[in-house]
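Observations on the three-dimensional arrangement
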Amino acid sequence: MNGLARTIVTFSIPAVLACIYPILPEYAKFFLARVMILSVYAYGYAICFQMLGMLSLGHAALFAAGMYGAGLYTIYASPSPLSALLMGVAAALAFSLAMGLLSTRVGGPFLTITTLLAAQALYLVALHFNEITGGEQGIVLGREATLVWPLSPWLGESDSRYLFSLVTLVIAVTGVWALSRSRLGKLFIAVRDDEEKLESLGYNTATLKLLGFALSGVYSGTAGALQALLYSYVGAGYAGILNSVEPVLWVLVGGPLIQVGPLLGCMLVNIIADLARGMLRGHVLIVGLGLVLIAFAAGRLSWAYRLLRRSTGLVS
Amino acid sequence: MIQLEYLGLAILDGLVNGFSIALIASGLTIVFGIINIVNLAHGELYMLGALVSWVLVSAGLGYGSALIVAPLVVSGMAVLLNMLILQRFGHEPGPTMLATFGILLIIQQAGLAILGPAPRAISPPFNPPVEVGGFSYSGFKLFIGLASLATCLLVSVIFDKSRLGTLLRAVQENRLMVGSLGIDAGRVIMIGFALAGGLAGLAGALNSPVRQIHFLMGFDALVASFVVVVLGGMGSLRGTLTAAVALGLLESLTALFLAPTASRVVSMLIALSYVAVRRLGQAGGGSRS
């Protein structure tokens with residue numbers, strides 16, 4: 001696929017999402033807005049996993065850092081949604097730098113284990129301070145703290161949610177599209193494919209990995225902050241392990257093209273989970289079955305196989 | 001001397017917990033040692049052990065039966081998982097790790113379906129207060145600690161001295177070579193899974209009368225095991241035992257002045273800093289595996 005075709009494919013789904021908006025029924029609007037926010041998270045995860053080959057199981061913490069940063073700011077500091085959004089992103093960036101400093105320095109399965117432990121630590125901290133965070137039950141934010149509020153004289157709640165989600169998605173997609181064409185993006189991929197060779201060429205791969213992890217954290221944190229500021233809810237459930245493993249599934253289901261894969265995979269998995277909600281025991285089981293199935297499929301999909309191999313192997 | 005009594009109780013609790021965690025983490029270490037994969041579903045095997053015990057005791061079959069049946073059932077489960085799923089990928093780390101996470105979620109949901117959302121409990125079959133160093137301690141907890149320690153030591157001896165142990169270590173060193181000597185590496189791996197499952201099942205059965213039997217208990221056990229294998233070295237049974245005891249003592253001593261979640265966070269942070277300092281898994285840093 002050449003550059004132009006790739007660009008057209010990249011922006012076609014957001015364009016479709018923009019075009020179908022007037023004819024969408026209320027539930028579809030609500031559902032797609034949520035999926036678009038989650039897709040921003042999916043893109044963030046893809047930067048870490050698909051580009052740099054780091055299989056993190058701790059991204060829920062980065063999502064949650066954004067969510068708590070924004071949500072708690074509106075509760076305890078000031079109900080101003082825009083500064084709350086910035087606070088959320090800043091919190092996620094800080095947490096991803098700390099987590100990245102620990103995790104990206106170690107190899108293979110240890111990266112997975114340390115990210116998981118770090119995320120679980122944040123989860124337990126959120127539970128521990130449940131008077132502040134609301135713990136597992138969470139806190140519902142005031143209406144005037146949401147991003148939807150300033151638009152309410154003109155737009156309905158679900159319309160402005162959709163609008164915000166779409167705009168954020170387009171910015172996120174553009175970012176990944178630009179990254180994949182840039183020198184930095186190519187260096188990221190080189191880290192994944194042959195870290196030692198890149199190192200011997202004089203590149204500082206540790207810094208590259210940390211940079212990628214932080215960028216991934218900014219994406220994840222933005223998604224988390226929007227979760228708080230559009231749906232006016234913060235809760236420790238978002239810091240739990242399920243929220244860390246779902247993006248792995250989205251990225252692998254989405255396919256090898258990083259510009260569209262995360263969005264496609266996220267939509268597909270969530271639509272299936274939504275359809276199957278009545279039949280099976282809900283979301284968690286779908287994710288579990290999906291992971292087993294994708295593990296079987298990975299044997300046949302050479303890109304997924306190679307990606308998994310790079311991200312779980314030990315450096316000897 | 002109420003203070004001293006608290007300290008003594010905390011130390012005993014720490015040791016008992018440490019030996020229990022060692023029993024669980026040994027299985028994780030064994031599987032990692034043989035096929036170099038992190039079995040993320042290992043904690044769920046522990047939960048299954050407790051679940052089976054609860055089912056048996058609720059059916060009026062007595063706790064003694066649980067101690068025998070739970071390890072066997074869970075061991076069978078582990079073998080089945082390996083046979084039906086993990087073996088199909090030739091134990092390639094990536095797909096195997098993903099699949100074990102999927103299995104984690106599936107078993108967890110099965111646990112939820114059977115146990116329900118509220119925690120369950122069974123009462124200890126015997127619990128005489130035992131005098132230890134001038135104060136009394138739960139006799140059943142003492143039994144858990146001693147049984148766990150004995151099993152860990154037994155496994156460690158099997159690993160070091162028996163032919164089976166030699167085979168397990170040989171598969172770990174060089175699977176191809178073992179195959180060319182006419183030994184079925186697949187069967188050795190199967191035995192490793194059976195052993196790991198049995199240990200997790202036994203730990204679940206042992207701990208079921210003193211813990212809340214809950215569908216999420218497996219994940220907590222997995223996190224504790226991760227802390228232990230990170231500190232003790234992946235694949236080393238003796239390291240696992242030492243690190244587990246250290247973790248148990250650390251958590252019960254910090255629990256004297258911190259909430260339990262906070263003391264768990266402290267131990268996790270210690271494990272994380274250790275990983276970062278030793279740079280585990282990196283060429284030229286720490287241990288290779």
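In this text the structure is predicted, and so the values were computed from the model without any measurement.

Reading the values: rules and limits
- Along each chain, the written sequence defines residue order, and numbers are assigned to residues from 1.
- Chains and ligands are labelled by the order in which they are written, letters from A for the one and numbers from 1 for the other.
- The model is predicted, so local features are restricted to residues of pLDDT at least 70 and side-chain atom pairs to those at 80 or more, both for listing and for counting; the totals for chains, interfaces and linings are taken over all residues.
- Helix and strand definitions here come from DSSP, where helices need a minimum of 4 consecutive H or I residues and strands a minimum of 2 consecutive E residues; each element is numbered from the N-terminal end.
- This radius of gyration counts C-alpha atoms alone. The globule rule is 2.2 Å times how many residues there are, raised to the power 0.38.
- To assign burial, the other C-beta atoms lying within 10 Å of each residue's own C-beta are counted, with C-beta atoms placed from the backbone; 20 or more indicates buried, 12 or fewer indicates exposed, and intermediate counts indicate partly exposed.
- By the convention adopted here, residues make contact when the C-beta atoms placed from their backbones lie within 7 Å.
- For two strands to be treated as a pair, DSSP must find at least two bridges joining them.
- Angles shown run from 0 to 180 degrees and are taken between the N-to-C directions of axes, each axis being a line fitted to C-alpha atoms and, for helices, limited to the stretch in contact.
- Roughly parallel means an angle under 35 degrees; roughly antiparallel, over 145; roughly perpendicular, 65 to 115; everything else is oblique.
- Charged residues are taken to be Asp, Glu, Lys and Arg, nonpolar residues to be Ala, Val, Leu, Ile, Met, Phe, Trp, Tyr, Cys and Pro, and polar residues to be all remaining types, Gly included.
- The arc in question is the one spanned by the directions pointing from the helix axis to the C-beta atoms.
- Any nonpolar core is a set of buried residues, restricted to Ala, Val, Leu, Ile, Met, Phe, Trp, Tyr and Cys, that join up through C-beta atoms within 7 Å.
- Given a helix with a known number of residues, its expected span is that number minus one, times 1.5 Å.
- Predictor confidence is given residue by residue as pLDDT, running from a minimum of 0 to a maximum of 100.

As a further point, take the overall build of chain B. Helix and strand counts for chain B come out as eleven helices and two strands. From first element to last, N terminus to C terminus, chain B shows the α and β order α-α-α-α-β-β-α-α-α-α-α-α-α. Computed over C-alpha atoms, the radius of gyration of chain B comes to 19 Å, within 12% of the 19 Å expected from 2.2 N^0.38 for 289 residues, which places it in the range of a compact globule. Considering only C-alpha atoms, chain B reaches an extent of 65 × 45 × 35 Å along its principal axes.

Take the overall build of chain A next. Counting its secondary structure elements, chain A contains 14 helices and two strands. Taken over C-alpha atoms, the radius of gyration comes to 19 Å for chain A, in line with the 20 Å a tight globule of 316 residues would show. Projecting the C-alpha coordinates of chain A onto the three principal axes gives extents of approximately 60 × 45 × 40 Å. Evaluated residue by residue, chain A yields a buried proportion of 55% over its 316 residues. Across chain A, every contact between residues at least 6 apart in sequence was considered, and the portion connecting residues at least 24 apart equals 78%.

A few words on the pairing of strand E2 (residues 135–138) of chain B. Residue and element names in this part refer to chain B. Bridge count between strand E1 (residues 129–132) and E2: four bridges; the pairing is antiparallel. Looking across to E2, one finds that valine 132 is bridged to phenylalanine 135. Between the antiparallel neighbours E1 and E2 lie two residues, among them glycine 133 with a positive phi of about 50°.

A separate point is the interface of chain A and chain B. In this assembly, 43 residues from chain A lie in contact with 42 residues from chain B. Elements that contribute at least two residues to the side of chain A that touches chain B include exactly helix H5 (108–128), helix H11 (241–254), helix H13 (283–298) and helix H14 (302–312) of chain A. At 15 residues, the largest contribution of residues to the side of chain A that touches chain B is made by H5 of chain A.

The subject of this paragraph is the packing of helix H1 (residues 3–19) of chain A against helix H7 (residues 157–181) of chain A. Residues and elements named next belong to chain A. Close contact between H1 and H7 brings their axes to 10 Å; oriented N to C, the two are set at 175°. Classified by the angle between their axes, H1 and H7 sit roughly antiparallel to one another. Seen from H1, the contacting residues are Thr7, Thr10, Phe11, Pro14, Leu17 and Ala18; seen from H7, they are Leu166, Leu169, Val170, Val173 and Trp177. Classifying every residue of the contact of H1 with H7 by side-chain character gives nine nonpolar, two polar and no charged.

Here we take up helix H6 (residues 163–173) of chain B. Residues and elements named next belong to chain B. Every buried residue of H6 is listed here: Leu168, Val171 and Gln172. Viewed along the axis of H6, the buried residues span an arc of 105°, placing them on a single side of the element. Along H6, exposed side chains directed more than 90 degrees from the buried face belong to Arg163, Thr166 and Glu173.

Moving on, we come to the nonpolar core. One finds Ala61 and Leu117 of chain A together with Val227 of chain B to be the most contacted residues of the largest nonpolar core, which totals 203 residues. Dropping the residues within four chain positions of it, valine 227 of chain B is found in contact with Leu117 of chain A together with Leu247, Ser267, Met268 and Ala271 of chain B.

With that out of the way, let us pick up the packing of H7 of chain A against helix H10 (residues 205–231) of chain A. All names here are of chain A. Following both chains from N to C, one finds H7 and H10 inclined at 175°, their axes separated by 12 Å at the closest point. Considering their axes alone, H7 and H10 lie roughly antiparallel with respect to each other. Contact residues: H7 offers Arg161, Phe164, Thr168 and Ala172, while H10 offers Tyr219, Thr222, Leu226 and Leu230. A class-by-class count of the residues in the contact of H7 with H10 yields five nonpolar, two polar and one charged.

Another aspect to go through is helix H3 (residues 59–76) of chain A. With 18 residues, H3 of chain A should cover 26 Å at 1.5 Å per step; its first-to-last C-alpha distance of 25 Å lies within 8% of that length. Extensive coverage of H3 of chain A is indicated by the burial of 17 of its 18 residues.

Residue and element names in this part refer to chain A. Located in the positive-phi region is serine 232, a residue other than glycine, with phi close to 45°. With respect to the secondary-structure elements, serine 232 resides in the loop between H10 and strand E2 (233–234). Judged by the 22 C-beta atoms lying within 10 Å of it, serine 232 falls in the buried class.

We now examine the confidence of the model for chain B. Parts of the model with low pLDDT should not have their predicted coordinates read in detail. Residue and element names in this part refer to chain B. In the predicted model, chain B carries a mean pLDDT of 85, and 96% of its residues have values of at least 70. Within chain B, no element has a lower average pLDDT than helix H7 (residues 175–180), which sits at 78, and none a higher one than helix H2 (residues 42–58), at 94. A low-confidence stretch, residues 283–289 (pLDDT under 50), is modelled with 15 contacts involving residues beyond four sequence positions or located in other chains. Interface confidence for the predicted complex, given as ipTM, is 0.85, next to a pTM of 0.89.

Moving on to the environment of alanine 147 of chain B. Residue and element names in this part refer to chain B. Relative to the helices and strands, alanine 147 is located in helix H5 (residues 139–161). Alanine 147 sits in the partly exposed class, given 18 other C-beta atoms within 10 Å. A sequence separation of 67 residues divides alanine 147 from histidine 214, and the C-alpha atoms of the two residues are 23 Å apart.

Moving on to the environment of leucine 206 of chain B. All names here are of chain B. With respect to the secondary-structure elements, leucine 206 resides in helix H8 (residues 185–207). What makes leucine 206 buried here is the crowd of 28 C-beta atoms within 10 Å. Along the sequence, leucine 206 and asparagine 17 sit 189 residues apart, while their C-alpha atoms lie 11 Å from each other. Aside from chain neighbours lying at most four places away, what touches leucine 206 is Ser20, Ile144, Ala147 and Ser148.

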